[in-house]
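What follows is the residue order along each chain.
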Amino acid sequence: MFCFQCQEAARNKGCTVRGVCGKTGDVANLQDLLVYLLKGISIYAEKAKELGVVDRETGAFITRALFTTITNVNFDNKRFEEIIKEAFEVRDRIKNKFLKAYREKNGEEFDEKLPGMATWYSNDVSDFYAKGEEVGVLSTGDEDVRALRELLTYGLKGIAAYAEHAYILEEEDQEIYSFLQEGLVATTDNTLSADELTALVMKCGEVAVKTMALLDQANTSNYGHPEPTQVNLGVRNRPGILVSGHDLKDLEELLEQTEGKGVDVYTHGEMLPANAYPAFKKYDHFVGNYGNAWWQQKEEFEKFNGPILMTTNCLVPPKDSYRDRVYTTNVVGFSGVKHIRDRKPGEQKDFSPVIEHALKCDPPEELENGMIPVGFAHNAVMSVADKVVEAVKQGKIKRFVVMAGCDGRHRSRDYYTNVARNLPEDAVILTAGCAKYRYNKLNLGDIDGIPRILDAGQCNDSYSLVVIAQKLAEVFGVDDINELPISYDIAWYEQKAVAVLLALLYLGVKGIRLGPSLPAFLSPNVVKVLVDKFDIKPIGEVEEDVKAIMAGE
């Protein structure tokens, strides 16, 4: 195996024996093979599109399959074997549609030679592992081309995750599917120059904005706009179910099925912002948040005592002490862990096994108590825009600091806690994603009633930070978003954060600090391009960075 798609890549170079995330070499190779086959499917889909044939089911499959390869989603090699078999079926279907359209248009058979990802096939599972070793990221020899291809690929994976969340809520966009296919095909094209690949990377940022807007529409149309909300951190004396990940549809159905059953439901990690949606507040047994960011789950899940439902990425290989209490669903998987099957059309998922399990468990052990504020997405912030603008004009707010993104295990991430502590009292933090757990429980106070930490939600909700910046630009009458008193100090971990970063670059944001380390998949030359064109910079010493941030540097 060779994997360097996340921030924890070993020695900031790459994992070669076992992923720091916990995935085995076999799983890594199967993931590489799956991506390889998705490129082959996309070759046929793009050719079919040129003939006017668009297949929505192909786009939906590519989206879901890409999501399974994101860090901390699926560790189950058997599941990947099944998805690879399905990929062959999808490829055959879109291939046949293309060949038929080609014959009808040209009156002859298509005889162009296509690359291996469009033709390779085996029904022997052992071949999957061997082929996966051949087609990983190192199969691209040129370091700079590899860096641009992987930057594009990881942006596509992030887009796929957001698009899949929207799809579950019955929102989809064929243009997004089309770009996923276009981008995957581009990574197979040896004729593309570095400039052409860079242009596609920027287009990836554009489509990321579009996809996040689609997901925002899906979430708010189903559950209402998040409202400023104080979330309880303590526990009650009843059995509980802990919901982690990002999927709001799963949470909705679980809340309906647990109502009146004597079971409480708690959020964990990236599900914390769900407490701010009006649609969920009617449930008296939806009682608050338990724990912190994903990487602390081994200790926190053990103490929760009840079952844990993992709805999307953020799973850490579970310890034996609580493995029997972990349930996965959607694209999440781990060998030996119970899986809740996808819902059938017109029906809910069946969470009865989780509920029955919870009723046999002790209440959660309390980790902490108190309250934390959430729910400051774009609608809530814009509803008090006049107060925000007035505070800026009066000099009470000197700077907004976007500290969004991911949390992780590295001690160097204490940097973000210390930045939050050291920012002067006239600075306001805008955050989204689990990076907030580094500082969201600090008592930083408020400015004329405006909390100094405005939590817009999940990493999926980073679109809110884009909308807020754009609206502030309108209010202050500036054409360049970089003229606003906003600085960006972003923490990244996995591929959704890459999509968010590319979205910011597409919008023209410059001067982003990125940490805790720069991505291992970027070559020195590609880093130089990003620095020269967008002034991306690594994080530095806290005191120096805070001074520079407040000075707009």
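Residues numbered from 1 in each chain as written. Predicted model: local features only at pLDDT ≥ 70, side-chain atom pairs only at ≥ 80, totals over all residues. Heavy atoms only, no water.

Draft legend 1. Highlighting the sheet that holds strand β15 (residues 513–515). Read from one edge to the other, the open sheet built from 6 strands follows the order β13-β10-β9-β14-β15-β16, with strand pairing classed as parallel. What marks the edges here is a single partner per strand, and that holds for β13 (453–455) and β16 (537–538). The sheet contact formed by β15 and β16 spans 2 bridges and is parallel. Considered in β16, the bridge of Leu-514 is made with Pro-538. (Pairing = 2+ DSSP bridges. Helix = DSSP H or I, 4+ residues; strand = E, 2+ residues; numbered from the N terminus.)

Draft legend 2. Representation of the packing of aromatic side chains in the model. One pass over the structure, following the stated rule, counts 22 aromatic pairs. Seen in terms of ring centroids, Tyr-102 and Phe-110 are 5.2 Å apart; in terms of plane orientation they differ by 80°. Their pairing is edge-to-face. Judged by its relative accessible area of 18%, Tyr-102 falls in the buried class. Seen from their ring centres, Phe-280 and Phe-286 are 6.3 Å apart, and the 80° between their planes marks the pair as edge-to-face. Neither residue differs from the other here; Phe-280 and Phe-286 are each classed as buried. Feature note: the residues Phe-2, Phe-4, Tyr-154, Trp-492 and Phe-521 constitute an aromatic cluster, connected by ring pairs. Over the ring of Tyr-327 we find Lys-338, and its NZ or CZ is 4.9 Å from the ring centre. (Phe/Tyr/Trp six-rings, centres within 6.5 Å; stacked < 30°, edge-to-face > 60°. Buried < 20%, exposed > 50% of the residue type's maximum accessible area, 1.4 Å probe, protein only. Lys NZ or Arg CZ within 6 Å of the ring centre and 35° of its normal.)

Draft legend 3. Layout of the side chain of Thr-220. Here Thr-220 is to be found in helix α7 (residues 194–223). A polar side-chain atom of Thr-220 sits 2.8 Å from the main-chain carbonyl oxygen of Asp-216. In this structure Thr-220 touches His-225 and Pro-226, once residues within four positions along its chain are discounted. (Polar contact = N/O pair within 3.5 Å; in protein donor to acceptor, adjacent residues only side chain to side chain. Contact = heavy atoms within 4.5 Å.)

Draft legend 4. Examining the state of the cysteines more closely. A full pass over the atoms with the stated rule returns 0 disulfides. The closest cysteine sulfur to the non-disulfide-bonded Cys-3 is located on Cys-15, 6.2 Å from its own sulfur. Here Cys-314 is not disulfide-linked; the sulfur of Cys-434 is the nearest cysteine sulfur, at 5.9 Å. Given the relative accessible area of 10%, Cys-314 is considered buried. (Disulfide = S-S within 2.5 Å.)

Draft legend 5. Region of the structure containing the pairing of strand β2 (residues 240–244). In terms of residue burial, β2 counts as a mostly covered element, since 5 of its 5 residues are buried. What you see with β2 is no split at all: Gly-240, Leu-242 and Ser-244 on one side and Ile-241 and Val-243 on the other are buried throughout. By the bridge criterion, 4 bridges tie β2 to strand β3 (residues 264–267) in an arrangement that is parallel. Residue pairing in the sheet places Ile-241 in a bridge with Val-265 of β3. At this point the chain moves from β2, through helix α8 (residues 248–258), to the parallel β3, and the crossover so formed is right-handed. Note: β2 against strand β5 (residues 308–310), 3 bridges, orientation parallel. By the bridge assignment, Ser-244 is partnered in β5 with Met-310. (Right-handed = clockwise from strand over helix to strand, strands pointing away.)

Draft legend 6. Fine view of the pairing of strand β8 (residues 371–374). Side-chain alternation along β8 places Ile-372 and Val-374 on a buried face and Met-371 and Pro-373 on a face that remains uncovered. In this sheet, β8 lies alongside strand β1 (residues 229–232) in antiparallel orientation, the contact comprising 4 bridges. Opposite Asn-232, over in β8, you have Met-371 as the bridge partner.

Such coordinate-based values are descriptive only and should not be taken to indicate function.
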